[in-house]
Amino acid sequence: MDTKSDILYLCNAQGEVLSVQLPIQVWTQIEAKVMPLVREALGKSAEPEEESLPPEPMTDWQTLVEYWDFKYPVNTEVHCDVCASSTEDWIKDEPRKFWLRACNLGGLLRYRCLNCQAMITKRLYKDKIKFEAKPEQEKDPLLNAVYGSGSTRK
């Protein structure tokens, strides 16, 4: 990659730089790492306010703990492979690093990383635990389905 030709500086008529364009191959490699900095630079909070987050399903968590039948003790560890944030006990963190989004009796837990907004999936199996982290993705309004009020068939 030739840095001078692959990074485009978009300028106005006066020659002032308005924006920078990167090749998609570069952006996909750095997006998760730089998005918190981009949000901060744009004046947007890197982590959502707790008031804007939905309530955590703590009753579901308590049910899972009550019926725990895995071969290991209750595990409250969570880590994010996107930004390397981690905790030994997500419940006791102050301030919170991870927000529980979903939990079920089968051992499937979903967390939101409050540092980078990645979605973390924690799967509890009888003899092991598996983590998966996906970076936050902006919704594309062109991909959202919009349905009319009536049929267009004649």
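**Structural notes on the overall build of the chain**
Link 1 in the chain: Of regular secondary structure, the chain possesses three helices and eight strands.
Link 2 in the chain: By the burial criterion, 29% of the 154 residues in the chain qualify as buried.
Link 3 in the chain: Surface summary for the chain: the accessible area is close to 11400 Å², and the carbon and sulfur share equals 52%.

**Focus on the sheet that holds strand β5 (residues 98-103)**
Link 1 in the chain: Pairing in this open sheet of four strands is antiparallel, and the strands run β5-β6-β7-β8 from one edge to the other. Of all the strands in the sheet, the pair left with one neighbour each is β5 and β8 (129-134). For this sheet, the mean angle separating the axes of adjacent strands, direction not counted, is 25°.
Link 2 in the chain: Relative to β8, strand β7 (residues 119-124) runs antiparallel, the two sharing six bridges. Across the sheet, residue arginine 123 finds its bridge partner in β8, namely lysine 130.

**Observations regarding the packing of aromatic side chains**
Link 1 in the chain: Overall, the coordinates contain five aromatic pairs when judged by the stated rule.
Link 2 in the chain: Measuring from centroid to centroid gives 5.5 Å for tryptophan 61 and tryptophan 90, while their planes differ by 75°, and the two rings are edge-to-face. Highlighted residues: tryptophan 61 in helix α3 (residues 58-66) and tryptophan 90 in the loop between β4 (86-87) and β5, separated in sequence by 29 residues. For the pair formed by tryptophan 61 and tryptophan 90, the shared burial category is buried.
Link 3 in the chain: With centroids separated by 4.8 Å and ring planes inclined at 70°, the aromatic side chains of tryptophan 68 and phenylalanine 70 adopt a geometry described as edge-to-face.
Link 4 in the chain: You can call phenylalanine 70 buried: its relative accessible area is 13%.
Link 5 in the chain: Site record: aromatic cluster; members linked through ring pairs are Trp61, Trp90 and Tyr111.
Link 6 in the chain: Cation over ring: lysine 126 sits above phenylalanine 70, and NZ or CZ is 5.7 Å from the ring centre.
Link 7 in the chain: Taking the ring centre of tyrosine 125 as reference, the NZ or CZ of lysine 128 above it sits at 5.5 Å.

**Points about a nonpolar patch on the surface**
Link 1 in the chain: On the surface, a nonpolar cluster with roughly 380 Å² of combined accessible area is contributed by Tyr9, Val17, Val20 and Leu22.
Link 2 in the chain: Within the secondary structure, leucine 22 is located in the loop between β2 (17-21) and α2 (24-41).
Link 3 in the chain: Residue leucine 22 is classed as partly exposed on the basis of its relative accessible area of 32%.

Rules behind the numbers
- Going along each chain's sequence as written, the residues are numbered from 1 onward.
- The model is predicted, so local features are restricted to residues of pLDDT at least 70 and side-chain atom pairs to those at 80 or more, both for listing and for counting; the totals for chains, interfaces and linings are taken over all residues.
- The basis for the side-chain values is all heavy atoms of the structure; hydrogens and waters are excluded.
- Where helices and strands are cited, they refer to DSSP runs of H or I of at least four residues and of E of at least two residues respectively, numbered from the N terminus.
- Exposure classes here rest on a 1.4 Å probe applied to the protein chains alone. A residue is buried below 20% of its type maximum, exposed above 50%, and partly exposed in between.
- Accessibility throughout is a Shrake-Rupley quantity obtained with a 1.4 Å probe, and a residue counts as covered only by protein chains that appear here.
- Being paired, for any two strands, means DSSP has found at least two bridges between them.
- Only the contacting stretch of a helix is used when fitting its axis, a line to C-alpha atoms as for every element, and angles between N-to-C directions run 0 to 180 degrees.
- Between 30 and 60 degrees the pair is tilted, below 30 it is stacked and above 60 it is edge-to-face, where a pair is any two Phe, Tyr or Trp rings, Trp via its six-membered ring, whose centres lie within 6.5 Å.
- A positively charged side chain is recorded as over a ring if its NZ (Lys) or CZ (Arg) lies within 6 Å of the ring centre. The angle to the ring normal must also be within 35 degrees.
- Patches in this entry comprise residues that are over 30% relatively accessible and not in a salt bridge; like charges within 9 Å are linked, as are nonpolar side chains (Val, Leu, Ile, Met, Phe, Trp, Tyr) within 5 Å.
- Salt bridge, as applied in this entry: a Lys or Arg side-chain nitrogen positioned within 4 Å of an Asp or Glu carboxyl oxygen.

Distances and angles like these do not, on their own, reveal function.
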